[in-house]
Amino acid sequence: MRKPLVAGNWKMNKTVQEGIELINEIRPLVEGASAETVLCVPSTSLYPLGQHLQGSNLKLGAQNVHHAEFGAYTGEISALMLKELGVEYVILGHSERRTFFAENNHSVNKRTLTAVKHGIKPIVCIGETLYEKKSEQTGQVLTTALRDGLEGVEDFSQVVVAYEPYWAIGTGKTPTLDQIAIVISFIRDTIGQLYGEKNSESCRILYGGSVNPSNAEEIFSLLDVDGGLIGGASLKPQQFAEIVKAAK
Ligand code: PEP
């Protein structure tokens, strides 16, 4: 059985103090929720907010990790460092990382393998741009991302895939329910073809891109959707809590 998961991506928002205040608002609202709930906070907040989350049902996530364990990689953070802070999840290959920081399926693959090796569950983001959608390349883009980005992963119960169309992120636009259902089933089938049936069944697949309290329930009720990756709405306690509760 796959446990539903909702992960908030705070991106480069919230100081430590603001993060503490946000958590104080979110925590009572999500008590008793059935979904696993993760807050992916800025690196500078990981330690203090990790301390602040102790004893709650909220888990700590990071927004990136480097593939090497240590070394001359100025500005980067290793899986060992994240693990030491109690990080349980890490977002990898977000469209913003791919667009602004030149990440690609190969760098995502190395980071994914390192995260898994150190017991941190990667949330690997894949999705098509508007141009790729319009030119009917979605299937090919996703297949390539799954093949190159997840190569070498042995146990997909330790990996989360987030389908995030670039054009839906932060835009208020979402694919239709039918489109989400078709694409997420396609992702599950492709994982099956590339990595075997067992892995296809155990991998949690999220939808991300302009999820809000009005559309969360219908998106999360789709057969192959195991929850969501939430950007903007994760900074609004009431909205985030409603989204978390929609994942059952
Ligand atoms: C995201 O950044 O991963 C995301 C899904 O953003 P939003 O929910 O704001 O579209």
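Refer to the structure presented above.
Residues numbered from 1 in each chain as written. Predicted model: local features only at pLDDT ≥ 70, side-chain atom pairs only at ≥ 80, totals over all residues. Heavy atoms only, no water.

A. Representation of the site of the ligand within the structure. The full set close to the ligand counts 14 residues, and Lys11, Glu164, Gly170, Ser210 and Gly231 are the nearest of them. Between the ligand and His94, the relevant distance is 2.9 Å, taken from an oxygen atom to a side-chain nitrogen or oxygen of the residue. Contact between the ligand and Glu164: an oxygen atom at 2.8 Å from a side-chain N or O atom of the residue. Protein coverage of the free-state accessible area of the ligand, which is 290 Å², stands at 95%. Of the residues assigned to the shell around the ligand, the class counts are 4 nonpolar, 8 polar and 2 charged. (Near = heavy atom within 4 Å. Polar contact = N/O pair within 3.5 Å; in protein donor to acceptor, adjacent residues only side chain to side chain. Areas by Shrake-Rupley, 256 points an atom, 1.4 Å probe, with all protein chains shown as cover. Nonpolar A, V, L, I, M, F, W, Y, C, P; charged D, E, K, R; others polar.)

B. The sheet that holds strand S5 (residues 121-126), seen in detail. The strand order S1-S2-S3-S4-S5-S6-S7-S8 describes a closed barrel built from 8 strands, whose pairing is parallel. Taken pair by pair, the neighbouring strands of this sheet meet at an average axis angle of 25°, ignoring direction. In this fold helix H2 (residues 46-53) packs onto strand S2 (36-40) and strand S3 (58-62), with an angle of close to 170° to the strand it touches most, S3. Most of the contacts of helix H8 (residues 177-195) go to strand S7 (residues 204-208), to which it runs at about 150°, and overall it touches S5, strand S6 (160-163) and S7. (Pairing = 2+ DSSP bridges. Helix = DSSP H or I, 4+ residues; strand = E, 2+ residues; numbered from the N terminus. Axes fitted to C-alpha atoms, helices over the stretch in contact; angles between N-to-C directions. Contact = heavy atoms within 4.5 Å.)

C. Representation of the environment of Gly19 in the model. As for its placement among the helices and strands, Gly19 is situated in helix H1 (residues 16-30). In sequence terms Gly19 and Arg204 are 185 residues apart; their C-alpha atoms lie 27 Å from each other. Sequence-distant contacts of Gly19, that is, excluding residues within four places in its chain, are made with Trp10, Lys14 and Leu49.

D. View of the pairing of strand S4 (residues 89-92). Neither face of S4 is exposed, since Tyr89 and Ile91 on one face and Val90 and Leu92 on the opposite face are all buried. Handedness of the crossover joining S3 and S4 through helix H3 (residues 79-84) is recorded here as right-handed. In terms of strand pairing, S4 meets S5 through 4 bridges, oriented parallel. Looking at the pairing, Leu92 lines up with Val124 of S5. (Buried < 20%, exposed > 50% of the residue type's maximum accessible area, 1.4 Å probe, protein only. Right-handed = clockwise from strand over helix to strand, strands pointing away.)

E. Structural view of the layout of surface pockets. Taken as a whole, the largest pocket holds about 530 Å³ of empty space. Lining the largest pocket are 18 residues; nearest its centre among them are Met12, Gln63, Asn64, Arg97 and Phe101. The biggest single contributor to the lining of the largest pocket is helix H4 (residues 95-100), with 3 residues. Grouping the constituent residues of the lining of the largest pocket by class yields 8 nonpolar, 6 polar and 4 charged. (1 Å grid on protein atoms, 1.4 Å probe; cavity = no way out; pocket = protein on both sides within 12 Å on 5 of 7 lines; lining within 4 Å. Points joined across faces, edges and corners; volume = space filled by probe spheres on them.)

F. Broad picture of the pattern of salt bridges. As enumerated under the stated definition, the model contains 14 salt bridges in all. Two residues, Glu201 and Arg2, come together in a salt bridge whose shortest N-O distance is 3.7 Å. With Glu201 in helix H9 (residues 197-202) and Arg2 in the segment before strand S1 (5-9), this residue pair connects regions lying 199 residues apart in the sequence. Exposure remark for Arg2: the relative accessible area of 22% places this residue in the partly exposed category. Among the ionic pairs, Asp148 bridges to Arg147, the shortest N-O distance being 3.1 Å. For Arg147, a relative accessible area of 41% puts it in the partly exposed group. (Salt bridge = Lys/Arg side-chain N within 4 Å of Asp/Glu carboxyl O.)

G. Here's a closer look at the packing of aromatic side chains. All told, the structure shown has 2 aromatic pairs when counted by the stated rule. When the ring of Phe156 is compared with that of Tyr195, the centres are 4.8 Å apart and the planes differ by 35°; the resulting orientation is tilted. In this pair, Phe156 is assigned in the loop between helix H7 (138-149) and S6 and Tyr195 in helix H8, connecting sequence segments 39 residues apart. Accessibility expressed as a relative area gives 0% for Phe156, which makes it buried. (Phe/Tyr/Trp six-rings, centres within 6.5 Å; stacked < 30°, edge-to-face > 60°.)

H. Local environment of unusual backbone geometry. The phi dihedral of Lys14 falls on the positive side, at around 85°, and the residue is not glycine. With respect to the helices and strands, the residue Lys14 is situated in the loop between S1 and H1. By relative accessible area, Lys14 is classed as partly exposed at 31%.

I. Fine view of helix H5 (residues 105-117). For H5, spanning 13 residues, the distance from its first C-alpha to its last is 18 Å, which sits close to the expected 18 Å at 1.5 Å a residue. At its buried positions, H5 is contacted by H3, S4, H4, S5 and H7. By the N-cap criterion, in which a side-chain oxygen at the helix start approaches the backbone nitrogen of a residue two or three places on, H5 is capped by Asn104, the distance to His106 being 2.9 Å. Positive backbone phi, at 75°, marks Gly119, one or two positions downstream of H5. (Expected span 1.5 Å × (residues − 1).)

Any link to function would need more than the numbers given here.
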